[in-house]
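Coordinates in review
Below, each chain spelled out in residue letters.
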There are 6 protein chains.
Amino acid sequence: MSLTHTDHEGKASMVDVGQKEITRREARAEGYVYMAPATLLLVKDNALKKGDVLGVARIAGIQAAKQCSQLVPLCHPLMLSYIGVEFALEDAPSADGQARIRIETCCRLNGQTGVEIEALTAASVAALTIFDMCKAADKKMHIEGIRVLEKSGGNSGHYLFDAGADVAGSAV
Amino acid sequence: MSLTHTDHEGKASMVDVGQKEITRREARAEGYVYMAPATLLLVKDNALKKGDVLGVARIAGIQAAKQCSQLVPLCHPLMLSYIGVEFALEDAPSADGQARIRIETCCRLNGQTGVEIEALTAASVAALTIFDMCKAADKKMHIEGIRVLEKSGGNSGHYLFDAGADVAGSAV
Amino acid sequence: MSLTHTDHEGKASMVDVGQKEITRREARAEGYVYMAPATLLLVKDNALKKGDVLGVARIAGIQAAKQCSQLVPLCHPLMLSYIGVEFALEDAPSADGQARIRIETCCRLNGQTGVEIEALTAASVAALTIFDMCKAADKKMHIEGIRVLEKSGGNSGHYLFDAGADVAGSAV
Amino acid sequence: MSLTHTDHEGKASMVDVGQKEITRREARAEGYVYMAPATLLLVKDNALKKGDVLGVARIAGIQAAKQCSQLVPLCHPLMLSYIGVEFALEDAPSADGQARIRIETCCRLNGQTGVEIEALTAASVAALTIFDMCKAADKKMHIEGIRVLEKSGGNSGHYLFDAGADVAGSAV
Amino acid sequence: MSLTHTDHEGKASMVDVGQKEITRREARAEGYVYMAPATLLLVKDNALKKGDVLGVARIAGIQAAKQCSQLVPLCHPLMLSYIGVEFALEDAPSADGQARIRIETCCRLNGQTGVEIEALTAASVAALTIFDMCKAADKKMHIEGIRVLEKSGGNSGHYLFDAGADVAGSAV
Amino acid sequence: MSLTHTDHEGKASMVDVGQKEITRREARAEGYVYMAPATLLLVKDNALKKGDVLGVARIAGIQAAKQCSQLVPLCHPLMLSYIGVEFALEDAPSADGQARIRIETCCRLNGQTGVEIEALTAASVAALTIFDMCKAADKKMHIEGIRVLEKSGGNSGHYLFDAGADVAGSAV
């Protein structure tokens with residue numbers, strides 16, 4: 001097992017994807033913004049009056065996925081055919097009394113390389129945007145659980161995150 | 001308590017910072033990339049031979065902080081005077097058998113608005129870059145604990161994250 | 001009277017604003033997207049259920065104003081302190097049976113140069129975004145009346161567009 | 001008839017173009033910058049001595065078309081094969097005593113989605129650039145008539161704007 | 001012989017590559033940063049302790065190649081499949097007592113247009129980055145010999161720079 | 001003497017300019033594109049009919065200077081007050097039978113950091129743009145002599161490149 005993005009001296013090295021097959025590729029990712037229940041109520045109230053908080057975060061996530069190769073240096077420039085960003089407000093407080101917003105993203109491409117970093121980037125920037133819009137109300141928010149949920153297409157086969165198997169006992 | 005980035009109808013609204021005082025502002029943030037211990041060993045090996053994994057992630061974090069206002073829609077364009085990104089490899093496995101890389105960022109500005117979103121953005125994109133460079137070895141990595149550690153300058157006073165007080169009992 | 005952005009040979013030339021006074025500057029601009037009344041009904045329906053069409057256009061306008069110096073070659077990079085984008089749905093059909101959406105933008109800066117191009121850019125890109133989101137329903141939309149409404153701050157004094165005086169008899 | 005860029009709840013939604021046919025697509029658009037006849041004379045004089053005003057506007061339009069997916073949130077990233085921007089100085093004053101510059105743009109793509117927004121973006125930013133370069137001479141300029149002239153390729157068939165039929169009697 | 005990027009009036013004109021064949025294309029380029037031998041020693045010392053100077057320059061070169069169409073106005077947007085940037089420290093002083101760092105870049109694409117400008121852009125920006133990181137130590141550095149080494153794929157056939165034949169007697 | 005952009009371990013580190021004095025800073029840089037005399041004739045012919053080759057290169061240089069902090073990772077974001085790019089066609093063949101175009105750039109800022117990298121970036125990208133527009137006619141062009149001519153403002157004092165003293169005997 002070795003890192004594909006560095007050479008034998010450890011120097012950064014872009015993977016040449018030019019010989020890879022063009023296939024339909026999809027990746028789904030998720031992430032969470034934890035906040036005080038009172039903060040979630042503000043977002044919920046904004047959502048109830050159909051305000052813009054989640055709409056702005058969606059656009060930010062979509063635009064970030066498009067810019068992924070400018071943000072993550074060894075990513076290839078891609079022409080994504082689809083980017084989706086969805087939210088769920090989870091107000092049942094967790095054990096430590098926090099509420100959270102769940103973000104789920106999906107990216108698709110007909111191309112030569114996987115798009116999971118694009119999906120993760122969309123989730124991360126959507127989370128940062130929620131944070132930005134709520135920060136005056138709650139300085140203690142935190143972003144957790146940015147991970148790949150599913151990946152298909154390409155040589156490495158289908159990958160499906162199995163929460164039970166993989167992080168059983170995990171605190172996160 | 002209300003959201004400062006939406007108006008009374010809930011619509012997105014940029015805060016006018018033009019009348020705020022120009023002060024020296026600083027924010028520090030952190031984040032973590034969790035991975036299998038074997039994956040951390042690859043990064044550690046890369047770091048031992050002074051390879052580029054963490055160096056690339058540092059540059060990605062710095063460049064992302066500069067681009068923050070292009071990523072997070074209601075952020076103001078800023079001229080940061082300093083952006084720092086540091087890493088720590090924490091190979092003592094956690095309860096669920098995972099190792100992790102800690103990222104700490106710092107942004108400074110002489111200006112009219114806080115820079116915590118810039119610091120969080122630097123941490124997020126540095127984390128995504130580590131993820132990208134290690135993803136062939138470990139699909140199950142996840143990014144956790146992106147939060148503000150400290151913020152100073154401006155009207156809202158000094159903020160220092162107190163892990164003990166705030167997330168005692170927290171699963172994260 | 002001459003062009004300030006070209007030299008005596010007619011070559012492009014950036015104006016050196018380094019010696020200008022730093023003042024509080026503001027510019028307001030407007031623009032219109034004309035469409036079939038049935039198309040406006042779709043936007044109105046989207047707005048009634050508090051959908052995202054106008055919210056997305058607002059964010060697009062805000063982000064474009066920030067990027068103005070990358071789009072318009074002789075514009076200076078600026079740190080806008082405020083960008084606002086508002087919409088009005090005007091469904092009373094005009095003489096030729098068309099409905100329209102009015103866009104009004106506002107940009108503010110403490111700086112050395114006016115911000116009317118930034119306000120116009122916000123209006124233009126908000127209009128393009130509405131066009132994009134409605135284009136499957138109406139290919140014949142058109143964008144009209146992108147102009148400066150008011151400008152203040154700086155040496156050139158206060159400017160207020162006087163529709164009656166200036167375009168009396170104008171077809172637009 | 002419905003909006004393709006929003007879902008049934010009215011939320012923004014990118015169209016997945018991944019299953020669409022790859023065809024040769026072309027779109028042409030136009031737009032106008034209205035100005036005082038004396039302002040047009042300055043541009044004409046600049047053009048006569050082969051100055052840069054229109055050349056700068058052409059480059060701005062070309063570069064903006066390439067950046068379209070960064071400006072208009074639900075646009076797909078594309079690899080345009082051609083972008084053209086042409087100008088005509090129309091100094092015969094209109095009924096209200098104004099002269100104007102006509103802009104015509106053309107974008108081409110072998111791809112899965114139409115390029116009319118790219119052509120409109122090129123026209124809009126070329127117009128903004130002319131405005132910027134002439135604004136010191138004429139604050140009352142305005143941009144009008146940004147529309148699609150022709151679109152070909154793709155499922156929706158050939159579209160040709162018919163000025164006589166569509167806006168007969170139109171004030172614009 | 002004529003310029004392909006201007007029309008018969010000399011106006012800028014993007015080449016329409018839409019009808020060109022999609023082939024595997026590659027270009028290699030080189031460039032040099034000349035500096036005082038003492039400055040090269042600082043870089044060498046940084047490299048010996050496996051510091052970041054060359055690693056940062058590599059990432060800057062890779063990112064610049066991806067952005068080439070935003071920098072060079074008539075370049076087409078491309079999806080490069082590979083970008084490589086390598087360095088050699090050449091400390092044997094030249095006739096005028098200077099040392100230098102050699103940069104060699106490589107870009108690959110499956111596409112309709114050559115990638116030599118992308119390779120030259122990577123070399124140029126890598127050189128600028130080295131300059132930036134060393135400028136406090138040596139104001140007199142200079143960048144030389146940015147040229148295409150080899151180009152393959154496409155109609156124009158294989159091109160290989162022949163230093164002996166072409167610049168025999170050249171001062172550079 | 002040491003590198004200011006790396007720490008004691010050699011890791012990349014942005015200089016904190018927040019405490020530096022705000023002064024009026026200016027930098028001038030130059031660069032050359034060498035080409036066959038026949039190629040220069042094409043550019044000259046284009047310039048004679050007042051074509052766009054040099055105009056496009058000027059705009060490319062100006063836009064690149066604005067984007068410098070996105071290209072060169074440890075550069076600070078800046079608000080340049082002026083960017084100028086000038087050209088001279090030098091058709092007297094050099095010893096090795098080559099003609100050349102000279103590029104001179106100037107950047108100005110009221111700020112806390114020098115702008116020589118911005119001036120060098122403008123020269124480099126203007127050179128790349130000339131290269132791009134002439135490459136179909138001349139594959140053997142090369143870019144030489146990118147250097148700082150003069151720098152003023154800031155603590156490091158006035159710097160003026162002295163060609164005679166510094167590169168006496170230099171081949172370049």
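Scope of this entry: the structure provided in the associated data block. A quick note: this is a predicted structure, and the numbers were derived from the prediction, not measured. (Residues numbered from 1 in each chain as written. Chains lettered and ligands numbered in written order. Predicted model: local features only at pLDDT ≥ 70, side-chain atom pairs only at ≥ 80, totals over all residues. Heavy atoms only, no water.)

A few points about empty space enclosed by the protein
As enumerated under the stated definition, the model contains 15 cavities of 30 Å³ or more in all. Approximately 100 Å³ is the volume found for the second largest cavity. In this structure, the second largest cavity is lined by 14 residues; those nearest its centre are C:Gln70, D:Gln63, D:Gln67, E:Gln70 and F:Gln63. Partitioned by chemical class, the residues of the lining of the second largest cavity number eight nonpolar, six polar and no charged. (1 Å grid on protein atoms, 1.4 Å probe; cavity = no way out; pocket = protein on both sides within 12 Å on 5 of 7 lines; lining within 4 Å. Points joined across faces, edges and corners; volume = space filled by probe spheres on them. Nonpolar A, V, L, I, M, F, W, Y, C, P; charged D, E, K, R; others polar.)

A word on the interface of chain E and chain F
On the side of chain F, 61 residues touch chain E, which itself brings 61 residues to the contact. Together, the buried faces of chain E and chain F total about 5,600 Å²; carbon and sulfur atoms form 66% of this surface. One salt bridge connects E:Arg147 with F:Glu144, and the closest N-O pair in it is separated by 3.9 Å. At the junction of chain E and chain F, the tally comes to 12 residue pairs in polar contact (both at pLDDT 80 or more). (Contact = heavy atoms within 4.5 Å. Buried area = accessible area lost by both parts, 1.4 Å probe. Salt bridge = Lys/Arg side-chain N within 4 Å of Asp/Glu carboxyl O. Polar contact = N/O pair within 3.5 Å; in protein donor to acceptor, adjacent residues only side chain to side chain.)

A look at the side chain of B:Glu144
Mapped onto the elements of the fold, B:Glu144 is located in strand 4 (residues 142–152). In this structure the side chain of B:Glu144 is engaged in a polar contact, spanning 2.8 Å, whose partner is the backbone nitrogen of A:Gly145. Separated by 2.5 Å, the side chains of B:Glu144 and B:His142 make a polar contact. (Helix = DSSP H or I, 4+ residues; strand = E, 2+ residues; numbered from the N terminus.)

Points about the relation of the copies chain E and chain F
Screw-axis analysis of chain E against chain F gives a translation of 0.0 Å along the axis, an RMSD of 0.0 Å, and a rotation angle of 180 degrees. In short, the pair behaves as if placed about a two-fold rotation axis. The residues that chain E uses at the interface reappear at the interface of chain F in 100% of cases, marking a shared surface. (Least-squares fit on C-alpha atoms with pLDDT ≥ 70 in both.)

A closer look at the relation of the copies chain B and chain C
When chain B is fitted onto chain C, the two copies agree to an RMSD of 0.0 Å after a turn of 120 degrees and an axial shift of 0.0 Å. What we have between these two chains is a three-fold relation. For chain B, the minimum C-alpha distance to the rotation axis belongs to B:Met79 and amounts to 4.7 Å. Comparing interface residues between copies, only 10% of those in chain B also sit at the interface in chain C, which points to a heterologous contact through distinct surfaces.

A short note on the pattern of salt bridges
Residues and elements named next belong to chain F. According to the stated counting rule, one finds 102 salt bridges over all chains in the structure shown. Linking Arg-28 and Glu-104 is a salt bridge whose minimum nitrogen-to-oxygen distance equals 2.7 Å. Taken together, the residues span a long stretch of sequence, with Arg-28 in strand 1 (residues 23–35) and Glu-104 in strand 3 (residues 99–111) at a distance of 76 residues.

Quick word on the state of the cysteines
One pass over the structure, following the stated rule, counts zero disulfides over all chains. Unpaired in this structure, B:Cys68 has its nearest cysteine sulfur neighbour in B:Cys75, at a distance of 4.0 Å. Looking at E:Cys106, it has no disulfide partner, and the nearest cysteine sulfur is the one in E:Cys107, 6.7 Å off. (Disulfide = S-S within 2.5 Å.)

Topic: the interface of chain B and chain C
Taken together, the contacts link 20 residues of chain B with 16 residues of chain C. Of the roughly 1,500 Å² buried between chain B and chain C on both sides combined, carbon and sulfur atoms contribute 51%. Scanning the region where chain B abuts chain C turns up three salt bridges. Here B:Asp16 makes a salt bridge to C:Arg108, at a shortest N to O gap of 2.5 Å. A breakdown of the residues in the side of chain B that touches chain C according to their chemical character gives 12 nonpolar, six polar and two charged.

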